[in-house]
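Each chain, written out:
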2 protein chains.
Amino acid sequence: MSSAIARTAIRGRFLDFQNSVTQAQELPEQVRYIEDALLICEHGKIQWFGTWQAGQSQLTADTPIQHYPEHLIVPGLIDTHVHFPQTEMMGAYGEQLLEWLNSYTFPTELQFSDQAYANQIAQFFVQELLKNGTTTALVFCTVHPESVDALFEAAQQQQMRLIAGKVMMDRHAPEALCDTAESAYADSKTLIEKWHGKGRNLYAITPRFAPTSSPEQLARAGQLKAEYPDVYLHTHLSENPNEIAWVKQLFPEQQGYLDVYHHYGLTGSRSVFAHCVHLEENEWQCLHQTDSAIAFCPTSNLFLGSGLFPLQRTWEHQVKVGIGTDVGAGTSFNILHTLSEAYKVQQLQGNKLSAYEALYHATLGAAKALDLDDKLGNFTVGKEADFVVLDLHATALQSLRQQRAKNLEDALFALITLADDRNIHATYIYGRRAYYNPESNPKPNTEAHPTTGT
Amino acid sequence: MSSAIARTAIRGRFLDFQNSVTQAQELPEQVRYIEDALLICEHGKIQWFGTWQAGQSQLTADTPIQHYPEHLIVPGLIDTHVHFPQTEMMGAYGEQLLEWLNSYTFPTELQFSDQAYANQIAQFFVQELLKNGTTTALVFCTVHPESVDALFEAAQQQQMRLIAGKVMMDRHAPEALCDTAESAYADSKTLIEKWHGKGRNLYAITPRFAPTSSPEQLARAGQLKAEYPDVYLHTHLSENPNEIAWVKQLFPEQQGYLDVYHHYGLTGSRSVFAHCVHLEENEWQCLHQTDSAIAFCPTSNLFLGSGLFPLQRTWEHQVKVGIGTDVGAGTSFNILHTLSEAYKVQQLQGNKLSAYEALYHATLGAAKALDLDDKLGNFTVGKEADFVVLDLHATALQSLRQQRAKNLEDALFALITLADDRNIHATYIYGRRAYYNPESNPKPNTEAHPTTGT
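Residues numbered from 1 in each chain as written. Chains lettered and ligands numbered in written order. Predicted model: local features only at pLDDT ≥ 70, side-chain atom pairs only at ≥ 80, totals over all residues.

Regarding the overall build of chain A
So, step 1. When you go through chain A residue by residue, the secondary structure sums to 17 helices and 17 strands.
So, step 2. A compact globule built from 454 residues would reach a C-alpha radius of gyration of about 22 Å, and chain A, at 21 Å, matches this within 12%.
So, step 3. In terms of overall dimensions, chain A has a C-alpha envelope of 70 × 45 × 40 Å along the principal axes.
So, step 4. The 454 residues of chain A split such that 59% are buried.
So, step 5. Here the contacts in chain A between residues at least 6 apart in sequence split such that 75% fall between residues at least 24 apart. (Helix = DSSP H or I, 4+ residues; strand = E, 2+ residues; numbered from the N terminus. Rg over C-alpha atoms; globule rule 2.2 N^0.38 Å. Buried ≥ 20, exposed ≤ 12 C-beta atoms within 10 Å, placed from the backbone. Contact = placed C-beta atoms within 7 Å.)

Things to note about the relation of the copies chain B and chain A
So, step 1. Note on the identical chains: chain B maps onto chain A by a rotation of 180° and an axial translation of 0.0 Å, with an RMSD of 0.0 Å. In short, the pair behaves as if placed about a two-fold rotation axis. In terms of C-alpha distance to the rotation axis, chain B has D420 of chain B as its closest residue, with the C-alpha 4.5 Å off the axis.
So, step 2. A share of 100% of interface residues in chain B that are also interface residues in chain A marks the association as one of identical surfaces. (Least-squares fit on C-alpha atoms with pLDDT ≥ 70 in both.)

Re the interface of chain B and chain A
So, step 1. Tallying the contact residues gives 30 residues for chain B and 30 residues for chain A.
So, step 2. Looking at the side of chain B that touches chain A, the elements that each hand over two or more residues are helix 4 (115-131), helix 11 (298-303), helix 13 (335-347), helix 16 (396-403) and helix 17 (408-418) of chain B.
So, step 3. Broken down by element, the residue count for the side of chain B that touches chain A peaks at 5 residues, all from helix 17 of chain B.
So, step 4. A class-by-class count of the residues in the side of chain B that touches chain A yields 13 nonpolar, 9 polar and 8 charged. (Nonpolar A, V, L, I, M, F, W, Y, C, P; charged D, E, K, R; others polar.)

Looking at the packing of helix 6 (residues 181-195) of chain B against helix 7 (residues 215-227) of chain B
Residue and element names in this part refer to chain B.
So, step 1. Running from N to C, helix 6 and helix 7 cross one another at 25°; their axes reach a closest spacing of 8 Å. Classified by the angle between their axes, helix 6 and helix 7 sit roughly parallel to one another. Remark: the crossing between helix 6 and helix 7 carries right-handed chirality. Contacts between helix 6 and helix 7 involve A181, A184, Y185, S188 and K189 on the former and, on the latter, E216, Q217, R220, Q223 and L224.
So, step 2. Its residues assigned to classes, the contact of helix 6 with helix 7 comprises 4 nonpolar, 3 polar and 3 charged. (Axes fitted to C-alpha atoms, helices over the stretch in contact; angles between N-to-C directions. Parallel < 35°, antiparallel > 145°, perpendicular 65-115°, else oblique. Left-handed = near helix turned anticlockwise from the far one by under 90°.)

Looking at helix 17 of chain B
So, step 1. Of all the positions in helix 17 of chain B, only L412, F413, A414, L415, I416, T417 and L418 of chain B are classed as buried.
So, step 2. Where helix 17 of chain B is buried, its residues contact helix 13, helix 14 (355-362), strand 14 (387-390) and helix 16 of chain B.

A few points about the domain arrangement of chain A
Residues and elements named next belong to chain A.
So, step 1. Each assigned domain of chain A is listed here: domain 1 (7-76 + 377-447) and domain 2 (77-369).
So, step 2. For domain 1 versus domain 2, the separation of C-alpha centres amounts to 28 Å.
So, step 3. Going through the elements one at a time, strand 1 (7-17), helix 1 (27-30), strand 4 (65-75), helix 17 (408-418), strand 15 (424-429) and strand 16 (432-436) are the ones with two or more residues in the side of domain 1 that touches domain 2.
So, step 4. Considering every element that reaches the side of domain 1 that touches domain 2, the biggest residue donor is helix 17, with 6 residues.
So, step 5. In terms of residue class, the side of domain 1 that touches domain 2 is built from 18 nonpolar, 10 polar and 6 charged. (Domains from an automatic or database assignment.)

Comments concerning unusual backbone geometry
All names here are of chain A.
So, step 1. Going from V327 to G328, the amide bond is cis rather than trans, its omega being 5°.
So, step 2. Relative to the helices and strands, G328 resides in the loop between strand 13 (320-323) and helix 13 (335-347).
So, step 3. Positive phi values are uncommon outside glycine, yet Y430 reaches one of about 55°.
So, step 4. Structurally, Y430 can be placed in the loop between strand 15 and strand 16.
So, step 5. Under the C-beta neighbour-count criterion, Y430 is labelled buried, with 24 such atoms within 10 Å.

Brief notes about helix 3 (residues 97-109) of chain A
Residues and elements named next belong to chain A.
So, step 1. In a regular helix each residue adds 1.5 Å, so 13 residues correspond to 18 Å; helix 3 covers only 16 Å between its end C-alpha atoms and thus falls short of that length.
So, step 2. Taking the largest bend as the criterion, helix 3 deviates by roughly 30°, centred on S103, and proline P107 comes between one and four positions later.
So, step 3. Regarding helix 3, the residues found buried are L97, W100, L101, T105 and E109.
So, step 4. Looking at the buried positions of helix 3, the neighbouring elements they touch are helix 8 (241-250). (Expected span 1.5 Å × (residues − 1). Bend = angle between axes of the 7 residues up to and from the residue.)

Describing the nonpolar core
One broad trend across soluble globular proteins is that nonpolar side chains are buried collectively.
So, step 1. The biggest cluster of nonpolar side chains holds 307 residues, and the ones touching the most others in it are L39, V139 and L151 of chain A together with L39, V139 and L151 of chain B.
So, step 2. With residues up to four places along the chain from it excluded, the contact list for V139 of chain B reads V82, F84, L151, L162, I163 and A164 of chain B. (Core = buried A, V, L, I, M, F, W, Y, C linked by C-beta atoms within 7 Å.)

Topic: the environment of R208 of chain A
So, step 1. Considering the arrangement of structural elements, one finds R208 of chain A in the loop between strand 9 (202-207) and helix 7 (215-227).
So, step 2. Contact partners of R208 of chain A, with chain neighbours within four places excluded, come to V167, M169, T235 and H236 of chain A.

Some words on the environment of S332 of chain B
Residues and elements named next belong to chain B.
So, step 1. Inspection of the secondary structure puts S332 in the loop between strand 13 (320-323) and helix 13.
So, step 2. As for S332 and E128, which are separated by 204 residues in sequence, their C-alpha atoms are 9.9 Å apart.
So, step 3. Beyond its immediate stretch of four places on either side in the chain, S332 contacts T299, T325, H337 and T338.

Remarks on the pairing of strand 1 (residues 7-17) of chain B
Residues and elements named next belong to chain B.
So, step 1. A large share of strand 1 lies buried, amounting to 10 of its 11 residues.
So, step 2. Sheet topology places strand 1 next to strand 2 (residues 31-42); 10 bridges connect them, and they run antiparallel. Bridging from a neighbouring strand, R11 pairs with L38 of strand 2. (Pairing = 2+ DSSP bridges.)

Comments concerning the confidence of the model for chain A
Residues and elements named next belong to chain A.
So, step 1. Counting all residues, the mean pLDDT for chain A is 95, and 96% of those residues have values of 70 or more.
So, step 2. Between residues 447-454, whose pLDDT stays under 50, and residues either more than four places distant or in other chains, the model counts 10 contacts.
So, step 3. For this predicted complex, the interface confidence score (ipTM) comes to 0.95, while the overall pTM stands at 0.96. (pLDDT = per-residue confidence, 0-100.)

Overview of the pairing of strand 1 of chain A
Looking along a regular strand, one sees side chains alternate from face to face of the sheet.
So, step 1. With 6 bridges joining them, strand 1 of chain A and strand 4 of chain A adopt parallel strand pairing. Within strand 4 of chain A, the position partnered with R13 of chain A by the bridge is L72 of chain A.

A word on the packing of helix 4 (residues 115-131) of chain A against helix 5 (residues 145-157) of chain A
Think of two packed helices as two axes; the pair is described by the angle between the axes and how far apart they sit.
Residue and element names in this part refer to chain A.
So, step 1. Across the interface, helix 4 lies against helix 5 with an axial gap of 8 Å and an inter-helix angle of 40°. One way to sum up the angle between helix 4 and helix 5 is to call them oblique. Judged by the sense of rotation from one axis to the other, the crossing of helix 4 with helix 5 is right-handed. Seen from helix 4, the contacting residues are Q115, A118, N119, A122, Q123 and V126; seen from helix 5, they are E146, S147, A150, L151, A154 and A155.
So, step 2. Class assignment of the residues belonging to the contact of helix 4 with helix 5 gives a composition of 7 nonpolar, 4 polar and 1 charged.

Some thoughts on the environment of I40 of chain A
So, step 1. Relative to the assigned elements, I40 of chain A resides in strand 2 (residues 31-42).
So, step 2. Aside from chain neighbours lying at most four places away, what touches I40 of chain A is R7, A9, Q47, W48, G55 and Q58 of chain A.

As structure tokens, then:
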């Protein structure tokens, strides 16, 4: 495990949100943009942040400064729902959710009983996150404990704050992918003890979704959650109409899909439900009352034809929400691109997703959804130093468009609309540059301190 | 104007459709895939096509051979609806069609009265087409004849088969962007005489859409179409509900939106209507009966929230259809990426768009929609030699996915799902390599003939 550089400084154009908000209209007030800013990291945390002018006195002679005058630096992007074992199966043709699971997902996930294979894909996955500016993710593994070990080890090498867990699944899946209520409980418990809170890793109890867990297994998941209340709960909810009908058939004694999870004690401020495309009114209320969060996964919802997530209802109902790629049903690891698809999903519903709201859902809003806004999401002093250096001119087309940007918000919207991994110039994890895009322009200047002002 | 190399040969993996079809189910029979093929071009046309083994005897000692053993070569991609003056305004925030036109499009288009500016953007636009493997496009210019000259000149430098025309617009737009019924007729006529059939250029009479043309102007457009029956007609139709309501209000004497165009003689086998998201039953019938074509523009329809185009109805009603990027409301110049969005639009409607059908709509199907299937769309001997060399491994993620491809169709679907401009290794126009991506791998081998077989 590489250690954080003791003290380092980054200079450039910084953009974040100072405080979380309860309504989208409040966001413009919370935008903090500093044209020439300085961020000082110490032992992985933000030790100082402000204008370059005010910050120079904070610098000591031995503090290296990376200067990115041409770029835009934002808090690390957060992916609130992604399946690392599905990395290799993106773009699997022709099915909606339930058939897609049987035809593609389960055969792919079978491979992850092999530790070496799991390690290989976990390394690849973490590199894809870094390459796309994603510094924290809430991740599905497979049913195999090996897959969890593989992922946390890969994350730990990068000192990345990752939340993940072993899938619990004891029915309606190939036998080789099924655990039992007992083994799922025992294996999850072992993994929690091994990984939760070790370094920056955090554990999520991860029943795949209600149809593939027996009532006994869901009860065991609830028992775990009660035993380890600061562990996460991560699952799927109301993605597809056929799925919802199936849940109602399987759990006739519950009042609806979410009520199945709620009944077993799986809602709460560290519970994240992916999709929630077709929630009923009482389910919105339940999410709000339990302080549960939603992962909105637009590329996946489009690719599987699941439907259009009504993002504005998260504000109406005061439900926490983050953005998720949902790879492999999602079609990109890039959170910026995912935001452009979120925009389209909102446009189809006659709603406007502003560039600021989009970025918020991928940074501070997502941190709040993951109950990590005390540690992540903006440049507040004391938070962990995860951030991304964006190249707004990664292609000739982007340069043309950016030259015509009317203001910062327009530039950000154009970035999001045209984004892919080429826009990620560098990704910093815990104060250390964990990824650098050699093809990106222009190159950063490493300055010897002291430096004269701009 | 650079001239076509007299004779050149391309060796590699080739994929096309042998014949056009009337139902999607017939497509698999028409797929022609040759693992080791040879294509010989002479004076811009396909002079010979078949297996490498059979083709070697066709080669003369002085024919240079480009060998792409690692790539996939498909017919040139065709964009059936795009606005070149909107290149610089991709990603304009927050509006649906009518407000988006007023807020963004009209101000942008005002610049194209300046010939130098128009030239600059036209050159940029043609490079973007080439960079994305697009070899033919049906293009909106602005109201200014200068914009048409600029575009045709840029296309002619590349010997590209382009169809374009001056916008006709005499109301409901800024005064500086309006022509008159008379001037639109006269200017269009001059441009037709100047450009239509000159080199590979073809002209399209281009009323923007019914709301911005007076009945007198539409009558003049119809007069032009009657005088030049082999000239194209290119306009918009039924993109947005508010637009449709407006047309019905403006033209109460017609039976609906399409009937406005039909009434003025603007339907026909060289008429292309962009969008057609919300057609009524009789409009489908009219398109079929008049042999008119549709340009399906999924990224634009999503970005402006216009709605979901029912692609399967084109088969049901036997209406010709091609794919369009509709840049600047579209969010990518890349036709492969646009097909991935088309897939999503179909998934949301519970329909499956196969990789073969997708590619068909961008090649032979699009050629048919443009009434150019005698010249473009596949590797039939005698057709014009426009084709694209695709790199299926443009990123690490694509390589991982392609290693797991089950068959050609799966590989093609994965390509489409993950595609961007990096997948374009080279673009050939009229037998000449007009674009080459230096960052793409692996490099082509230029072999000295005679060559031993594989």
